Amino acid sequence: MSRTLRWIVPSLVLIVAPFYVEEFWLRTGFAICGAVVGAIGLNLLLGTAGQLSLAHSFFLAVGAISYTFFSGSGSDEVSGLGWPPLLGALVGVLLAGVAGLAFSPIAARLRGIYLGVASLALVFVGQHVLNSWTSVTGGFNGRSVPDFSLFGFSFADTPRLVLLGVPFRESERLWYLGLVIVLGAFLFARNLVRSRPGLALQAVRDSELAASVMGVNVQRYKAGAFLVSSAYGGLAGVMYALSIGSIAPESFGLFVSIQYLAMVVLGGLGSLGGAVAGAVFVTALPLVLQRYSDALPLVSGAGGDGLAAGEAARYLYGLAIVLVVLFQPAGLAGFAHLVRRRKPQRGTINEDADQSGRGHRRPRAVGRGVQQ
């Protein structure tokens, strides 16, 4: 019962939140949802498959810019196709996955830090292309992002919608959209990890040679991992574009990839729940510091004498990474596991076994009716 309540209570809180919290927290929540999707995708690649990538920001850019181009309308400065937003989002996710699949032959021949360095080429090449392709990206000035709609229902402020006396504007509508997307992305990733392909990816992570001996097609599964992870990145890019309303090439630099790497390391490699926790921490911290910069010591708003909110946030989660690496390599997921672990009752054999390591084991059945 307690485990059921552990899921029901937070779910109810998230569902009723738009009726009680202000717009800032709803906007922040949708930004966190986008980061959670991207962090889950990178965790599948790094934590489950053991493939280091520093190109996650490139795949976010592919998703965000593809959605904006295919669903946006053209003007004198930029071009657009004006497709339905849902179709534009799906194309953005698909193109991001294809980009990851195209990079997979290189990934199949490299591992570790060499793969990470090779993936940096995507970020640098992508920045050059995005800044030069001004008709699509808008260049250094960027371009506005079209509003999202689903089967005729617009997520913009119009048409006016009121529920229980609360006006549901864009922030409230995007909040629920983000929750649905995160739930679907999490369940898909969890089922993937627990399936046979997920076990094969873990075998590749532990030992490519052993996995190959067991009949696992190593190159094929590496390509699949990049495909899925990049598609997650593309979806996160679409959500990022919707959360800020405009995009520019400089929004998808190397620092964004490092942020996502920090999310996965802080949360715990190989843990989907840890990826969620890491994304919440890294994404919400600078926004919250900016919100309350006047009340916090050493932190100031724009143009102040103290640390800027983004800079202070980088110091804090940099310190958090150092502490996690030193004291809890399993990340936030490791801390959560320690908290959830049940303590045995005093005076029992199990407690003696936990404390001394020499507890007696119960006889186990061998064969039919025979005890050892």
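Residues numbered from 1 in each chain as written. Predicted model: local features only at pLDDT ≥ 70, side-chain atom pairs only at ≥ 80, totals over all residues. Heavy atoms only, no water.

1. With respect to unusual backbone geometry
Threshold: Helix and strand labels come from DSSP, where a helix needs a run of H or I of at least four residues and a strand needs a run of E of at least two; each type is numbered from the N terminus. Burial status follows relative accessibility: with a 1.4 Å probe on protein chains alone, a residue under 20% of its type maximum counts as buried, one over 50% as exposed, and anything between as partly exposed.
A positive phi angle, near 55 degrees, is found at F151, a position not held by glycine. Position of F151 relative to the elements: it lies in the loop between β2 (149–150) and β3 (153–154). The class of F151 is exposed, set by a relative accessible area of 77%.

2. What to know about the environment of V93
To keep it simple, the criterion reads: Any two residues whose heavy atoms approach within 4.5 Å at even a single point are treated as in contact.
Locating V93 in the fold gives a position in helix α4 (residues 85–107). Sequence spacing of V93 and Y67 is 26 residues, and the spatial spacing of their C-alpha atoms is 8.5 Å. Apart from residues no more than four positions distant in its own chain, V93 is found in contact with A231, G234 and L235.

3. Some details on the pattern of salt bridges
Close approach of charged atoms allows side chains with opposite charge to pair. Put simply, the rule is: What counts as a salt bridge is simple: a side-chain nitrogen of Lys or Arg found within 4 Å of a carboxyl oxygen of Asp or Glu.
Per the stated rule, a full pass over the model turns up 7 salt bridges. In this structure, R205 and D206 form a salt bridge, with 3.2 Å as the shortest nitrogen-oxygen distance. R205 sits in the partly exposed class, given a relative accessible area of 34%. Classification of D206 as exposed rests on a relative accessible area of 58%. A network of salt bridges, in which partner residues are shared, links E23, R27 and E170.

4. Thoughts on helix α5 (residues 112–132)
Stated precisely, the cut-off is as follows: Multiplying one less than the number of residues by 1.5 Å gives the expected span of a helix. Comment: arc refers to directions from the helix axis out to C-beta atoms.
For α5, built from 21 residues, the straight-helix expectation of 30 Å at 1.5 Å per residue is met to within 8% by its first-to-last C-alpha distance of 32 Å. For α5, every residue scored as buried is listed here: L115, G116, S119, L120, L122, V123, G126, Q127 and L130. The buried residues of α5 occupy an angular sector of 155 degrees when the element is viewed end-on, so they sit on one face. Exposed side of α5, more than 90 degrees from the buried face: Y114, V117, F124, V125 and H128 are the residues found there. On the buried face of α5, the contacting elements are α3 (56–71), α4, α6 (134–137), α10 (218–244) and α11 (254–267).

5. Digging into the environment of S79
The residue S79 is located in the loop between α3 and α4 in this model. Residue class for S79 comes out partly exposed when judged on its relative accessible area of 28%. The spatial distance from the C-alpha of S79 to the C-alpha of T68 is 9.8 Å, given a sequence separation of 11 residues. Not counting residues up to four positions away in its chain, the partners in contact with S79 are F69, G74, S135 and R143.

6. Side note on the environment of A35
Its place among the elements puts A35 in helix α2 (residues 23–48). Expressed as a C-alpha distance, the spacing of A35 and V282, which sit 247 residues apart in the sequence, is 8.9 Å. Ignoring sequence-local partners within four residues, the contact set of A35 consists of Y260, M263, A279 and T283.

7. Some words on the packing of α3 against α10
The condition that has to hold: Angles here are taken between N-to-C directions and fall from 0 to 180 degrees, while the axes themselves are lines fitted to C-alpha atoms, restricted in helices to the stretch in contact. If an angle is under 35 degrees, it is roughly parallel; if it is over 145, roughly antiparallel; if it lies from 65 to 115, roughly perpendicular; otherwise it is oblique. In a left-handed crossing the near helix is turned counterclockwise from the far helix by less than a right angle, and in a right-handed crossing that turn is clockwise. Three categories are distinguished: nonpolar for Ala, Val, Leu, Ile, Met, Phe, Trp, Tyr, Cys and Pro, charged for Asp, Glu, Lys and Arg, and polar for the others, with Gly belonging to the last.
Between α3 and α10, whose axes approach to 7 Å, the crossing angle comes to 55 degrees. Relative to α10, the element α3 lies oblique. For the pair α3 and α10, the crossing hand works out as right-handed. Between α3 and α10, the contacting residues are H56, F59, L60, G63, A64 and Y67 on the first element and S229, S230, G233, G234, A236, G237, V238, A241 and L242 on the second. Partitioned by chemical class, the residues of the contact of α3 with α10 number 8 nonpolar, 7 polar and no charged.

8. Side note on the side chain of T68
Topologically, T68 is positioned in helix α3. Take T68: its relative accessible area is 0%, and that puts it in the buried class. Sequence-distant contacts of T68, that is, excluding residues within four places in its chain, are made with R143, S144, V145, P146 and I247.

9. Some remarks on a nonpolar patch on the surface
How we decide: Patches here are clusters of residues that have more than 30% relative accessible area and form no salt bridge, with a 9 Å joining cutoff for like charges and a 5 Å cutoff for nonpolar side chains (Val, Leu, Ile, Met, Phe, Trp, Tyr). Note on areas: Shrake-Rupley, 1.4 Å probe, and residue coverage restricted to the protein chains presented here.
Together, L5, I8, V9, L12, V13, I15, V16, Y20, V21, W25, Y292 and L296 make up an exposed nonpolar region whose accessible area comes to about 1100 Å². Considering every element that reaches the nonpolar patch, the biggest residue donor is helix α1 (residues 2–16), with 7 residues. Residue position: Y20 is located in the loop between α1 and α2. Looking at Y20, the relative accessible area reads 71%, which means it is exposed.

So, to be careful, I would describe these as geometric facts and stop short of saying anything about function.
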